[in-house]
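Coordinates in review
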Amino acid sequence: RDTVIAPLRRMGVFARLIAAIAVPVVVLSLVLGASVIERHDDVRRAGIVSARVALLEQLVTLRSALFQERLAAEVFLPSRRPSDELLASTEFGARLSEDPGRLVEDTDDALAAIPPADRPIDRDDLEAARAAQPDVVPGSTEISRRFDHVDRELGRAITAQLTVVRESAIQLGDVDMI
């Protein structure tokens, strides 16, 4: 015990004060440094979640616009077209009657809002889905078939983004986000 205390007795008061202050400060700095690094990682993960949720919202908006466009194509089939009075009685029908091309524009706008690197489909895919086959009499089955590819790709992209958000939430330890 004297071998430990003896060097301390030889140190001056100033040196002992410095040691008494410096050692806890160094230990505290190490502990806080690790905590800051951990918080930085949490902020980075939260940023990933935020970006992926924003992308997810854009994908859902695109899928919704695409669904409305598809539904409008089916509504305007000669064999299925409701009367103008019936169309005007619903919000969607009134919108179709007033400006049927607006739904196509909404879909195009929703696609354009997604960053090009994150787009699961491109403009050519949309145009292919919209294109009627000249030798096929359009029906709801034919319209559904044309839109199946883009709908399937959007579904995959939405599922992938949900997976990223879920995994990031788990890493953040936020069970409410899971």
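Here goes a summary of the coordinates provided.

Calculation rules
- Residues numbered from 1 in each chain as written.
- Predicted model: local features only at pLDDT ≥ 70, side-chain atom pairs only at ≥ 80, totals over all residues.
- Heavy atoms only, no water.
- Helix = DSSP H or I, 4+ residues; strand = E, 2+ residues; numbered from the N terminus.
- Buried < 20%, exposed > 50% of the residue type's maximum accessible area, 1.4 Å probe, protein only.
- Contact = heavy atoms within 4.5 Å.
- Areas by Shrake-Rupley, 256 points an atom, 1.4 Å probe, with all protein chains shown as cover.
- Expected span 1.5 Å × (residues − 1).
- Salt bridge = Lys/Arg side-chain N within 4 Å of Asp/Glu carboxyl O.
- Axes fitted to C-alpha atoms, helices over the stretch in contact; angles between N-to-C directions.
- Parallel < 35°, antiparallel > 145°, perpendicular 65-115°, else oblique.
- Arc of directions from axis to C-beta.
- Polar contact = N/O pair within 3.5 Å; in protein donor to acceptor, adjacent residues only side chain to side chain.
- Core = buried A, V, L, I, M, F, W, Y, C linked by side-chain atoms within 4.5 Å.
- Left-handed = near helix turned anticlockwise from the far one by under 90°.

What follows covers the overall build of the protein. Scanning the protein for helices and strands turns up seven helices and zero strands. Sequence-ordered secondary structure for the protein, helices as α and strands as β, is α-α-α-α-α-α-α. For the protein, buried positions account for 25% of its 178 residues. For the protein, contacts bridging at least 24 residues in sequence account for 64% of all contacts bridging at least 6. A total of about 11,800 Å² of accessible surface is found on the protein, and carbon and sulfur atoms cover 61% of it.

This part is about the side chain of Arg45. Note that Arg45 resides in helix α2 (residues 13-75). Filtering out sequence-adjacent residues up to four positions away, Arg45 remains in contact with Ser168, Gln171 and Leu172.

A word on helix α7 (residues 140-172). Helix length check: α7, at 33 residues, gives a terminal C-alpha distance of 45 Å against a target of 48 Å (1.5 Å per residue), a fit within 8%. Count one or two residues on from α7 and you reach Gly173, which has phi positive near 80 degrees.

Turning to the pattern of salt bridges, a few remarks are in order. Per the counting criterion, the structure on display carries 13 salt bridges. Put simply, Arg63 and Asp151 hold a salt bridge, and the shortest N to O gap is 2.9 Å. Of the two residues, Arg63 is situated in helix α2 and Asp151 in helix α7; the sequence distance between them amounts to 88 residues. Given a relative accessible area of 30%, Arg63 falls into the partly exposed group. Between Arg145 and Glu142 there is a salt bridge whose closest N-O contact spans 2.8 Å. With Arg145 and Glu142 both in helix α7, this residue pair falls three residues apart, about one helical turn. Given a relative accessible area of 45%, Arg145 falls into the partly exposed group. Judged by relative accessible area, Glu142 falls into the buried class, the value being 11%. Through salt bridges with shared partners, one network takes in Glu69, Asp108, Arg123, Glu127 and Arg130.

This next bit is on the packing of helix α4 (residues 91-98) against helix α5 (residues 101-113). Where α4 contacts α5, the axes come no closer than 7 Å and their chain directions differ by 100 degrees. Accordingly, the angle class assigned to the pair α4 and α5 is roughly perpendicular. In this structure, α4 uses Phe92, Arg95 and Leu96 to contact α5, whose residues at the interface are Arg102, Leu103 and Asp106.

Let's shift gears to helix α6 (residues 123-130). Of the positions making up α6, those classed as buried are Leu126, Ala129 and Arg130. Buried residues of α6, seen end-on, are gathered within an arc of 95 degrees and therefore sit on one face of the element. On its buried face, α6 sits against α2, α5 and α7. Residue Asp122 occupies the N-cap position of α6, its side-chain oxygen lying 3.1 Å from the main-chain nitrogen of Asp124.

Buried together is how nonpolar side chains tend to be arranged in soluble globular proteins. By size, the foremost hydrophobic cluster in this structure holds 19 residues, and its most contacted members are Leu59, Leu62, Leu66, Ile121, Phe147, Val150 and Leu154. For this core, the secondary-structure elements that each account for two or more residues are α2, α5, α6 and α7. When neighbours within four sequence positions are excluded, Phe147 is seen to be in contact with Leu66, Glu69, Arg70 and Ala129. Grouped together as the second largest cluster of nonpolar side chains are five residues, Ala72, Val75, Leu96 and Leu103 included.

The interhelical angle for the contact between α5 and α6, taken along N-to-C directions, is 155 degrees, at an axis separation of 11 Å. Here α5 is positioned roughly antiparallel relative to α6, judged by the angle of their axes. Between α5 and α6 the crossing geometry is right-handed. Facing Val104, Thr107, Asp108 and Leu111 of α5, the residues of α6 in contact are Arg123, Leu126 and Arg130.

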